[in-house]
Amino acid sequence: MSNSNSGVARLTVRLGAIAENYRICRSLAGRAVSGVVKANAYGLGAAEVTRTLLAERCETFFVARVDEGVALRPVAPAARIFVLDGARAESLPALIAHNLTPVLNSLDEIALWSRGACGRDAAVHIDTGMSRLGLPPAELAVLSAQAGQRLSGLNLALIVSHLACADDPASPMNATQLARFRAALAALPPAPASFASSGGILLGPDYAFDLVRPGIGLYGGNPHTGHPNAFKTAVRLTAPILQLRRVDKGECVGYGATFRVGRPTALATVALGYADGLMRALGNRGVGAIGGHKAPIAGRVSMDLVSLDVTDVPGDLATSDAEVEFLGDTVLLEDVAAAVGTANYEILTSIGARVPRIHEGAQ
Ligand SMILES: *Cc1c(COP(=O)(O)O)cnc(C)c1O
């Protein structure tokens, strides 16, 4: 682990760990594994992540927006790219021109695609309990009763549903949704099926069907909050120390003077702030780490800066050219999320655009 100060904050993305996490998904699921690379691969870099997964012989990718699919097409010219947002009249030309496969969310979308895309592939999303996207039960009933007619204008490439509580293996929602998905599959024409996100993969082979859809697990996040993490850490967020100072007992630190020094204190001012995705809610709660030693955040997080109390970090480590870790092997993604009452997903997708992504192991 390098401790040298690169002079700027950066997000190091370990492509080797992402490849390993992909292989973990494959061995857990025992089925085909897609890559969910929406939102710029959860902030890590969709192109680099996609190339890494292609090298693992991944053939299927999911994005949320049509524009994400358009941007991904040249990276993965031969892959299947599903667009979770579905199809609308405005997006048909781009979907067709870039050979993107919509995940259709309603009878109306099925009709639209059948009329506008003449026989092309589509997925159909069945809502089994999340009440977010997909055909609700009443539309599923119509589709299954009139499948011949309503599906004749497209090629049904995949039937999809999504778990609401995959992060909690104890939730009864998982079995409820599984039963509803099986019933839906039995009522529809035969087609490959996809049900499990990262958390669903960990629920066991019953949830795997033909194609699993991991996102967070590929990126090293723990899909099952509060359980041991099956996946390898894939990101490190680090920033340089700009200044070291000693302050006397009674002095205050940062905006609002919310941290009052109770002893002679060594402070490090670090070039990372909430504009970089270091949540402001981490003020007086979060930590940074120098050479594996945690140091508490002192006072509020500013837009561009944060102060750490490095009094208890060995002096030879807390130097002006040290690099501070805010996410990685010492400061765990899940601990940061818990400290501010959010999910690992939001921590990753909040990392600021001005933080350069450094892809380790890029080919
Ligand atoms: C985002 C998403 C996924 C990936 O979920 P993770 O929990 O990140 O593994 C899978 N399927 C759908 C429909 C999604 O929206």
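J.: So what exactly am I meant to see when it comes to empty space enclosed by the protein here?
T.: Here the idea is plain: a probe the size of a water molecule rolls over the atoms and shows the empty space left. The full count for this structure, using the stated rule, is one cavity of 30 Å³ or more. Space inside the largest cavity adds up to approximately 50 Å³. Every residue along the wall of the largest cavity is listed here: Leu 237, Gly 277, Leu 278, Met 279, Leu 282, Phe 326, Leu 327, Val 336, Ile 347 and Ile 351. Grouping the constituent residues of the lining of the largest cavity by class yields nine nonpolar, one polar and no charged.

J.: What is the right way to read the packing of aromatic side chains from this model?
T.: Aromatic ring pairs are described here by two measures, namely the spacing of the ring centres and the angle between the planes. This model, assessed by the stated rule, comprises seven aromatic pairs. With a centroid separation of 4.7 Å and an interplanar angle of 5 degrees, the aromatic rings of Phe 181 and Phe 195 are classed as stacked. One end of the pair, Phe 181, is in helix H9 (residues 172-187); the other, Phe 195, is in the loop between strand S9 (193-194) and helix H10 (198-201), with 14 residues separating them in the sequence. Considered together, Phe 181 and Phe 195 belong to a single accessibility category, that of buried residues.

J.: Which parts of the structure should I look at to understand the nonpolar core?
T.: In a soluble, globular protein the nonpolar side chains are often hidden away together inside. Among the nonpolar cores identified, the biggest contains 111 residues, and Tyr 219 and Phe 326 are the most heavily contacted of them. For this core, the element with the most residues is helix H1 (residues 15-29), which contributes seven residues. In this structure, this core is formed jointly by two domains, domain 1 (15-212) and domain 2 (234-331), each of which donates at least three residues. Ignoring sequence-local partners within four residues, the contact set of Phe 326 consists of Leu 237, Ala 239, Val 270, Leu 272, Leu 278, Val 287, Gly 288, Val 306, Leu 308, Val 331 and Val 336.

J.: Would you mind going over the pairing of strand S14 (residues 265-270) with me for this structure?
T.: Counted residue by residue, S14 has six buried out of six residues, so it is predominantly covered. Going residue by residue along S14, you find Thr 265, Leu 267 and Thr 269 tucked away on one face and Ala 266, Ala 268 and Val 270 tucked away on the opposite face as well.

J.: In this structure, what is going on with the layout of surface pockets? I would like to understand it.
T.: Here the largest pocket defines a volume of roughly 850 Å³. Around the largest pocket sit 36 residues that line it, and Lys 38, Tyr 42, Arg 132, His 162 and Tyr 345 are the ones nearest its centre. Those elements that provide at least two residues to the lining of the largest pocket are helix H2 (38-42), H10, helix H11 (333-340) and helix H12 (344-349). For the lining of the largest pocket, the per-class residue count stands at 18 nonpolar, 11 polar and seven charged. In this structure, the second largest pocket occupies an estimated 200 Å³ of space. Along the walls of the second largest pocket sit 16 residues, with Asn 229, Thr 233, Leu 332, Leu 333 and Glu 334 positioned nearest its centre. For the lining of the second largest pocket, the element with the highest residue contribution is H11, accounting for three residues. By residue class, the composition of the lining of the second largest pocket is eight nonpolar, six polar and two charged.

J.: Help me understand unusual backbone geometry in this model?
T.: Only a minority of non-glycine residues have a phi that is not negative, and only a minority of peptide bonds are not trans. The phi dihedral of Asn 99 is positive, around 55 degrees, even though this residue is not glycine. Take Asn 99: it is sitting in the loop between helix H5 (92-97) and strand S6 (101-104).

J.: Quick question: what am I supposed to make of the environment of Ser 171 here?
T.: Looking at where Ser 171 falls in the secondary structure, it is placed in the loop between strand S8 (155-160) and H9. Here Ser 171 falls in the buried class, since its relative accessible area comes to 11%. A polar contact is formed between the side chain of Ser 171 and the backbone nitrogen of Met 173, at a distance of 3.1 Å.

J.: I keep staring at the domain arrangement of the protein chain and nothing clicks. Help me out?
T.: It is common to give the size of an interface as the accessible area lost on bringing the parts into contact. With domains assigned, the protein chain is organised as domain 1 (15-212) and domain 2 (234-331). Of note, the centres of domain 1 and domain 2, computed from C-alpha atoms alone, are 42 Å apart.

J.: Which parts of the structure should I look at to understand the site of the ligand?
T.: Lys 38, Tyr 42, Ser 198, Ile 216 and Tyr 345 are the nearest of the 13 residues found near the ligand. A distance of 2.5 Å separates an oxygen atom of the ligand from a polar atom in the side chain of Ser 198. The separation between an oxygen atom of the ligand and a polar main-chain atom of Ile 216 is 2.8 Å. Burial of the ligand by the protein amounts to 91% of the accessible area it has alone, namely 390 Å².

J.: Teacher, can you tell me more about the environment of Leu 140 here?
T.: Its place among the elements puts Leu 140 in helix H7 (residues 137-145). Using a relative accessible area of 15% as the deciding quantity, one classes Leu 140 as buried. Between the C-alpha atom of Leu 140 and that of Ala 187, which follows or precedes it by 47 residues, the distance is 8.7 Å. Leu 140 has contacts with Ile 126, Leu 135, Ala 184 and Leu 188, leaving out every residue within four places of it along the chain.

J.: Could you clarify how one ought to interpret the pairing of strand S1 (residues 10-14) in this entry?
T.: Remember that side chains alternate between the two faces of the sheet whenever the strand is regular. Across the five residues that make up S1, a large majority, four, are buried. The sheet contact formed by S1 and strand S11 (residues 235-247) spans four bridges and is antiparallel. Within the sheet, the bridge partner assigned to Thr 12 lies in S11 and is Arg 236.

J.: Any chance you could explain the environment of Met 303 here in plain terms?
T.: Mapped onto the elements of the fold, Met 303 is located in the loop between strand S16 (293-296) and strand S17 (306-309). On the basis of relative accessible area, Met 303 is assigned to the partly exposed category, the value being 42%. Residues Met 303 and Asp 276, 27 residues apart in the sequence, show an inter-C-alpha distance of 7.7 Å. Every residue in contact with Met 303, bar those within four places of it in the chain, is listed here: Gly 273, Tyr 274, Ala 275, Asp 276 and Arg 354.

Scoring rules and cut-offs
- Residues numbered from 1 in each chain as written.
- Predicted model: local features only at pLDDT ≥ 70, side-chain atom pairs only at ≥ 80, totals over all residues.
- Heavy atoms only, no water.
- 1 Å grid on protein atoms, 1.4 Å probe; cavity = no way out; pocket = protein on both sides within 12 Å on 5 of 7 lines; lining within 4 Å.
- Points joined across faces, edges and corners; volume = space filled by probe spheres on them.
- Nonpolar A, V, L, I, M, F, W, Y, C, P; charged D, E, K, R; others polar.
- Phe/Tyr/Trp six-rings, centres within 6.5 Å; stacked < 30°, edge-to-face > 60°.
- Helix = DSSP H or I, 4+ residues; strand = E, 2+ residues; numbered from the N terminus.
- Buried < 20%, exposed > 50% of the residue type's maximum accessible area, 1.4 Å probe, protein only.
- Core = buried A, V, L, I, M, F, W, Y, C linked by side-chain atoms within 4.5 Å.
- Domains from an automatic or database assignment.
- Contact = heavy atoms within 4.5 Å.
- Polar contact = N/O pair within 3.5 Å; in protein donor to acceptor, adjacent residues only side chain to side chain.
- Near = heavy atom within 4 Å.
- Areas by Shrake-Rupley, 256 points an atom, 1.4 Å probe, with all protein chains shown as cover.
- Pairing = 2+ DSSP bridges.

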